[in-house]
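Observations on chain architecture
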Amino acid sequence: MNPQTTPAATPPDTSFTTPWGAFALTRFPEDPRERLRAWDAADEYLLRHLAGEADSAAGTATELAGRTVAVLGDRWGALTTALAEYRPVQITDSHLGRRATLANLARAGAAVDESRLLTTRDTPPERIDVLLVRVPKSLALLEDQLYRLAPAVHEGTVVIGTGMVTEIHTSTLRLFERILGPTRTSLAARKARLVFCTPDRALDPGPNPWPHRYALPQDIGPASGRTVVNHAGTFCADRLDIGTRFLLAHLPVPAPGARVVDLGCGNGVVGTAAALAGPGAELVFVDESHQAVASAEETFRANLGPDAPAEFLAADALARDVVAPGSVDLVLNNPPFHSHQATTDATAWRMFTGAKRALRPGGELWVVGNRHLGYHVKLRRLFGNCQLVAGNPKFVVLRAVKR
């Protein structure tokens, strides 16, 4: 092979074969370099079970026609697309997952009814006959959603969860059992497992413990001692994470009238601290998680009042349809480096490129990250500059300026 020739990338596997047909599925945003599929063995196992084709089903298919089917936590729309003929109600925390579902349904030629694509903050259906749960990474999010959906579940509701073996733990089963009713699991198949729950309407699990509230420490600058509100599934829901704490110790003070974006805002602590430090700044909170955006709004309002100017957006980073190019003075970012079980820098890169597009000339991107991730290399390549603001053995705070 000519050493100067780069071999063509292998096209991503998009063909998802199910008992209801084959579907071309992609994640969102679509990226031809993406190696991760939009489904896994857990999705396949659940669909085979519903069709009566899995060992766990003993040859008996689950009746879906004419019943209200709800799909909780469908990551990229694989379950919703495969079962589209039954018009399932999808409930997701992920803006990206919702966008993927819309694209996958359209590609499959299915009718797209956005009113049936709910977020975890929307009011759930009044009655659910079949509840399919893609077990989330966050046990807290599962707890909150089971509490929210429990009133819609009745004695005849079929409740089936699915996940990879590494995602289903004893604590997972206890949640189903405590909130909905007796629970058991299937045998594992291709490292996936099913969860079967029989609803018991006589159960009283007590009140939903979410959201959580706590007071910040006293030594972190303008936000010291302030109240934080965390809805279930938000990163570090019961404490201030050490990366954010390090950024807060070195936070820039926004100029009056500056437009500031808390990108990947989580519970909104960073943006709230910026607003407290720079009165008169205009804050924009952006996250792909609906739970996070709700947390950020409640944190901000608890500390700056109901009339302080701010926007709260569930969105794909800083895409063009989210924030106008050249309209932002400062972006504050603590990027994630996991997507479900995969470690990846794709999200961080999308955040950095979106930030550059959104910033005015002279605008700044401030990033906190683990030292070993090497974000300075990416920022220098993208912006042509990168300054180390602060560092310790674990974290760095970096500043890049749009020229």
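Residues numbered from 1 in each chain as written. Predicted model: local features only at pLDDT ≥ 70, side-chain atom pairs only at ≥ 80, totals over all residues. Heavy atoms only, no water.

This part takes up empty space enclosed by the protein. Counted under the stated rule, the structure contains one cavity of 30 Å³ or more. Every residue along the wall of the largest cavity is listed here: Ile-91, Thr-119, Thr-120, Asp-122, Pro-124, Gln-145, Arg-148 and Leu-149. Looking at the lining of the largest cavity, the element that brings in the most residues is helix 4 (residues 139-149), giving three residues. A breakdown of the residues in the lining of the largest cavity according to their chemical character gives three nonpolar, three polar and two charged. (1 Å grid on protein atoms, 1.4 Å probe; cavity = no way out; pocket = protein on both sides within 12 Å on 5 of 7 lines; lining within 4 Å. Points joined across faces, edges and corners; volume = space filled by probe spheres on them. Helix = DSSP H or I, 4+ residues; strand = E, 2+ residues; numbered from the N terminus. Nonpolar A, V, L, I, M, F, W, Y, C, P; charged D, E, K, R; others polar.)

Take the pattern of salt bridges next. Within this structure, the stated rule accounts for 18 salt bridges. Across the pair Asp-40 and Arg-134 runs a salt bridge whose closest N-O atoms are separated by 2.8 Å. Residue Asp-40 is found in the loop between strand 2 (21-24) and helix 1 (41-50), and its partner Arg-134 is found in strand 6 (residues 128-134); the two are separated by 94 residues along the sequence. Here Asp-40 and Arg-134 have matching classes, each one buried. Taking the shortest distance from any N to any O, the salt bridge between Arg-213 and Glu-298 comes out at 3.6 Å. Of this pair, Arg-213 sits in strand 10 (residues 212-215) while Glu-298 sits in helix 8 (residues 290-304); the two residues are 85 residues apart in sequence, bridging distant segments of the chain. (Salt bridge = Lys/Arg side-chain N within 4 Å of Asp/Glu carboxyl O. Buried < 20%, exposed > 50% of the residue type's maximum accessible area, 1.4 Å probe, protein only.)

Let's shift gears to the packing of helix 7 (residues 269-277) against helix 8. Between two packed helices, what matters for the description is the angle formed by their axes and the separation of those axes. Across the interface, helix 7 lies against helix 8 with an axial gap of 9 Å and an inter-helix angle of 25°. Taken together, the axes of helix 7 and helix 8 lie roughly parallel to each other. Every pair of crossing elements has a handedness; the one defined by helix 7 and helix 8 is right-handed. Contacts between helix 7 and helix 8 involve Thr-272, Ala-275 and Leu-276 from the former and Thr-299, Phe-300, Asn-303 and Leu-304 from the latter. Residue composition of the contact of helix 7 with helix 8, by class: four nonpolar, three polar and no charged. (Axes fitted to C-alpha atoms, helices over the stretch in contact; angles between N-to-C directions. Parallel < 35°, antiparallel > 145°, perpendicular 65-115°, else oblique. Left-handed = near helix turned anticlockwise from the far one by under 90°. Contact = heavy atoms within 4.5 Å.)

Another aspect to go through is the nonpolar core. With 34 residues, the main nonpolar core has Leu-216, Leu-248, Leu-251 and Leu-332 as its most contacted residues. Beyond its immediate chain neighbours, meaning those up to four positions away, Leu-332 contacts Leu-251, Pro-252, Val-260, Val-261, Asp-262, Leu-263, Val-270, Ala-274 and Trp-366. Counting residues in hydrophobic clusters, the runner-up holds 30 residues, among them Leu-25, Phe-28, Leu-47 and Leu-64. (Core = buried A, V, L, I, M, F, W, Y, C linked by side-chain atoms within 4.5 Å.)

Time to look at the sheet that holds strand 20 (residues 395-401). Overall, mixed pairing links the seven strands, which are arranged 14-13-12-15-18-20-19 in an open sheet. Of all strands in the sheet, those bounded by a partner on one side alone are strand 14 (310-314) and strand 19 (387-391). Geometrically, the sheet is characterised by an average inter-axis angle of 15° between neighbouring strands, direction not taken into account. Across four bridges, strand 12 (residues 259-263) lies against strand 15 (residues 328-333) in parallel orientation. Across the sheet, Asp-262 pairs through a bridge with Leu-332, a residue of strand 15. (Pairing = 2+ DSSP bridges.)

One turn of the α-helix equals 3.6 residues, which is why residues spaced by three or four share an orientation. Residues of helix 5 (residues 170-179) that are buried include every one of Thr-172, Leu-175, Phe-176 and Ile-179, and no others. For helix 5, the angular spread of the buried residues around the axis is 95°, confining them to a single face. Within helix 5, the exposed residues directed more than 90 degrees away from the buried face are Thr-170 and Arg-174. Residues of helix 5 that are buried in the fold lie against strand 6, helix 4, strand 7 (153-164), strand 8 (183-185) and strand 9 (192-197). Within two residues after helix 5, Gly-181 carries a phi angle of roughly 160°, on the positive side. (Arc of directions from axis to C-beta.)

Moving on, we get to the sheet that holds strand 4 (residues 89-92). Spatial strand order, 5-4-3-6-7-9-8: seven strands in an open sheet with mixed pairing. Unpaired on one side and paired on the other, strand 5 (117-119) and strand 8 mark the two borders of the sheet. Neighbouring strand axes in the sheet, compared pairwise and without regard to direction, differ in orientation by 20° on average. Across three bridges, strand 4 lies against strand 5 in parallel orientation.

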